[in-house]
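Remarks on the overall topology
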Amino acid sequence: MNTKKSGLYAGLNHILFLAFLTYIAWVIATFLLEGRILTLLRPEAVGDRILYTVIANMLIGSIIALLVIRRAFDTKITSPDSAGFRPVTRTIPAIVIAFVIGFFLLLILRGAVPNPVILLNIYAQVFTVTIAEIAICWGVVGSIVEGTLSEKGRLLSLSGGILVSSILFGMYHVAHSPPFNQVPMMIFLTLFGIITGLVYFIGRDIYATMVFHNFFGTFGVMQSLGVSGVLSFYTEPLFPVLGIAVISISVFVAIDMLYLRKTSRSQVSL
């Protein structure tokens, strides 16, 4: 019995280590490729944005993150359902509901209807980042922390998952462009992270959480670009930005469908 417990604890420690190591690598890559050179504040920096997206958000934030999540599935620390990887028949309605709620929250925060082209461009630009944020902060760290604390009771494990993922989400913005790397903003974003955590852990759908959370990021970037005086760059469709967003979510979905849950569930999943 003691041997079994020792093996279980060793497995938990191993997965937690991988989760936090992935988070740290992602933060460092974000700083080097975005915050250090202000990539997201320069609409003309297409090359830098592609490099940032491919390395920080696609390689680490999607591919490596999903590998860690799969490892957590294999060791039974978490499961597809608890980590938010649900059947397509449940995911699609959840995405629609998340989009409607997120859009109305954006209208409330802005106090006006945004230019649809500007909204589309910025939503797409932010979405590449959001995929990694949700995958790492909540899909990797949050769900693994919850699974690790599961023996402590439902309330403690759920609270731990929400708080740890939300705090790490706020802290990671130290690697981003201003004003997001400023302490008051990071604290403010942690509060938004708690809202996202509630959506993730109650709704248990990672894709719907991405769609919902992305409206918060869109609002923040729209405000930042407006203050910087470069919002006019977004009045025409930015096809490279839109293309990167499509590729980013396509990579995430492809790995999810073809590898992550290939042997975890017999029914068709998203």
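Residues numbered from 1 in each chain as written. Predicted model: local features only at pLDDT ≥ 70, side-chain atom pairs only at ≥ 80, totals over all residues. Heavy atoms only, no water.

**Overview of helix H7 (residues 183–203)**
One turn of the α-helix equals 3.6 residues, which is why residues spaced by three or four share an orientation. The condition is simple: Here a strand is any run of E in DSSP of at least two residues, a helix any run of H or I of at least four, and the numbering for each starts at the N terminus. In this scheme, a helix's expected span is set at 1.5 Å multiplied by one less than its residue total. The classification of residues rests on relative accessible area computed with a 1.4 Å probe and restricted to protein chains. Under 20% of the type maximum is buried, over 50% is exposed, and intermediate values are partly exposed. Two residues qualify as a contact provided that any one of their heavy atoms is within 4.5 Å of a heavy atom in the partner residue.
For H7, spanning 21 residues, the distance from its first C-alpha to its last is 30 Å, which sits close to the expected 30 Å at 1.5 Å a residue. Among the residues of H7, Met186, Leu189, Thr190, Phe192, Gly193, Thr196, Gly197, Tyr200 and Phe201 are the ones counted as buried. As for H7, its buried residues are in contact with helix H3 (80–83), helix H5 (116–148), helix H6 (154–172) and helix H8 (206–228). One or two steps after H7, the chain reaches Arg204, where phi turns positive at roughly 55 degrees.

**Some words on the layout of surface pockets**
Using the following cut-off: Put plainly, a pocket is an open set of points on a 1 Å grid over the protein atoms alone with protein on both sides within 12 Å along at least five of seven lines, a cavity is a set where a 1.4 Å probe fits but cannot get out, and a lining residue has an atom within 4 Å of a point. Grid points are joined across faces, edges and corners, and a volume is the space filled by probe spheres set on the points.
Considered as a void within the structure, the largest pocket measures approximately 450 Å³ in volume. The biggest single contributor to the lining of the largest pocket is H8, with 9 residues.

**So, the nonpolar core**
Operational definition: To qualify as a nonpolar core, a set must consist of buried Ala, Val, Leu, Ile, Met, Phe, Trp, Tyr and Cys residues joined through side-chain atoms within 4.5 Å.
Tyr23, Trp26, Phe85, Ile144 and Phe252 are the most contacted members of the largest nonpolar core, which totals 76 residues. Sorting the residues of this core by element identifies helix H1 (2–35), helix H2 (46–74), helix H4 (88–110), H5, H6, H7, H8 and helix H9 (239–260) as the ones contributing at least two each. Filtering out sequence-adjacent residues up to four positions away, Trp26 remains in contact with Ala56, Asn57, Ile60, Ala132, Glu133, Ile136, Cys137 and Tyr172.

**Digging into the environment of Ser228**
Note that Ser228 resides in helix H8. A relative accessible area of 40% places Ser228 in the partly exposed class. Residues Ser228 and Arg42, 186 residues apart in the sequence, show an inter-C-alpha distance of 9.8 Å.

**Describing the confidence of the model for the protein**
The following threshold applies: As a per-residue measure, pLDDT tells how confident the predictor is, with possible values from 0 to 100.
Taken residue by residue, the protein gives an average pLDDT of 89. The fraction at 70 or more is 92%. Every residue in residues 3–8 is under pLDDT 50, and counting partners more than four places away or in other chains gives 1 contact. The low-confidence segment residues 266–270, where pLDDT is below 50, has 16 contacts with residues more than four positions distant or belonging to other chains.

**A look at the packing of aromatic side chains**
Convention followed: For Phe, Tyr and Trp, where Trp contributes only its six-membered ring, two rings pair if their centres lie within 6.5 Å, and the inter-plane angle classes them as stacked under 30 degrees, edge-to-face over 60, or tilted in between. Distance and angle both matter: a charge sits over a ring if NZ of Lys or CZ of Arg is within 6 Å of the ring centre and within 35 degrees of the ring normal.
Inspection of every chain in the model, using the stated rule, returns 18 aromatic pairs. Seen in terms of ring centroids, Phe212 and Phe216 are 5.3 Å apart; in terms of plane orientation they differ by 75 degrees. Their pairing is edge-to-face. Of this pair, Phe212 and Phe216 are both found in helix H8, 4 residues apart, which corresponds to roughly one turn of the helix. When sorted by exposure, Phe212 lands in the same class as Phe216, which is buried. Taken together, the aromatic side chains of Phe99, Phe103, Phe104, Tyr123, Phe127 and Phe215 make up a single cluster linked through ring pairs. One residue, Arg70, lies across the ring of Tyr259, its end atom 5.1 Å from the ring centre.

**Observations regarding a nonpolar patch on the surface**
Let me state the cut-off plainly: Patch membership is restricted to residues that have no salt bridge and whose relative accessible area is over 30%. Joining uses 9 Å for like charges and 5 Å for the nonpolar side chains Val, Leu, Ile, Met, Phe, Trp and Tyr. Accessible areas in this description were obtained via Shrake-Rupley with a 1.4 Å probe; residue shielding takes into account the shown protein chains only. Throughout this description, the term salt bridge denotes a Lys or Arg side-chain nitrogen within 4 Å of a carboxyl oxygen of Asp or Glu.
On the surface, Val46, Ile50, Leu51, Val54, Ile55, Leu59, Ile63, Ile64, Leu67, Met257, Leu258 and Tyr259 cluster together to form a nonpolar patch covering roughly 950 Å² of accessible area. Among the secondary structure elements, those contributing two or more residues to the nonpolar patch are H2 and H9. The element contributing the most residues to the nonpolar patch is H2, with 9 residues. Locating Leu67 in the fold gives a position in helix H2.

**With respect to the packing of H6 against H7**
The test is simple: An axis is simply a line fitted to the C-alpha atoms; with a helix, the fit covers only the stretch in contact. Between two such axes, the angle follows the N-to-C directions and lies from 0 to 180 degrees. Each angle is binned into one of four classes, with values under 35 degrees roughly parallel, values over 145 roughly antiparallel, values of 65 to 115 roughly perpendicular, and all other values oblique. Left-handed describes a crossing whose near helix is turned anticlockwise from the far helix by less than a right angle; the clockwise case is right-handed.
The interhelical angle for the contact between H6 and H7, taken along N-to-C directions, is 140 degrees, at an axis separation of 8 Å. One element, H6, and the other, H7, form an angle in the oblique class. You can see that H6 and H7 cross each other, and the crossing is right-handed. Along the contact surface, H6 presents Leu158, Gly161, Ile162, Ser165, Ser166, Ile167, Phe169, Gly170 and Met171, while H7 presents Met186, Leu189, Thr190, Gly193, Ile194, Gly197, Leu198 and Phe201.

**Brief notes about unusual backbone geometry**
That bond from Pro178 to Pro179 is cis: its omega, 5 degrees, falls within 30 degrees of zero. Counting through the fold element by element, Pro179 comes out in the loop between H6 and H7. The backbone of Lys76 sits at a positive phi, close to 65 degrees, despite the residue not being glycine. Note that Lys76 resides in the loop between H2 and H3. Judged by its relative accessible area of 71%, Lys76 is exposed. Despite not being glycine, Arg204 shows a phi value in the positive range, around 55 degrees. Position of Arg204 among the secondary structure elements: in the loop between H7 and H8.

**Things to note about the environment of Thr39**
Our working definition: Counting of polar contacts relies on pairs of N or O atoms within 3.5 Å, with two restrictions inside protein: one atom must be capable of donating a hydrogen and the other of accepting it, and residues adjacent in sequence are counted only when both atoms are side-chain atoms.
Here Thr39 shows up in the loop between H1 and H2. Separated by 187 residues in the primary sequence, Thr39 and Gly226 place their C-alpha atoms 16 Å from one another. Among residues more than four places away in sequence, those in contact with Thr39 are Leu33, Glu34, Ala45, Asp48, Arg49 and Ser177. Side-chain polar atoms of Thr39 contact the backbone oxygen of Leu33, separated by 2.7 Å.

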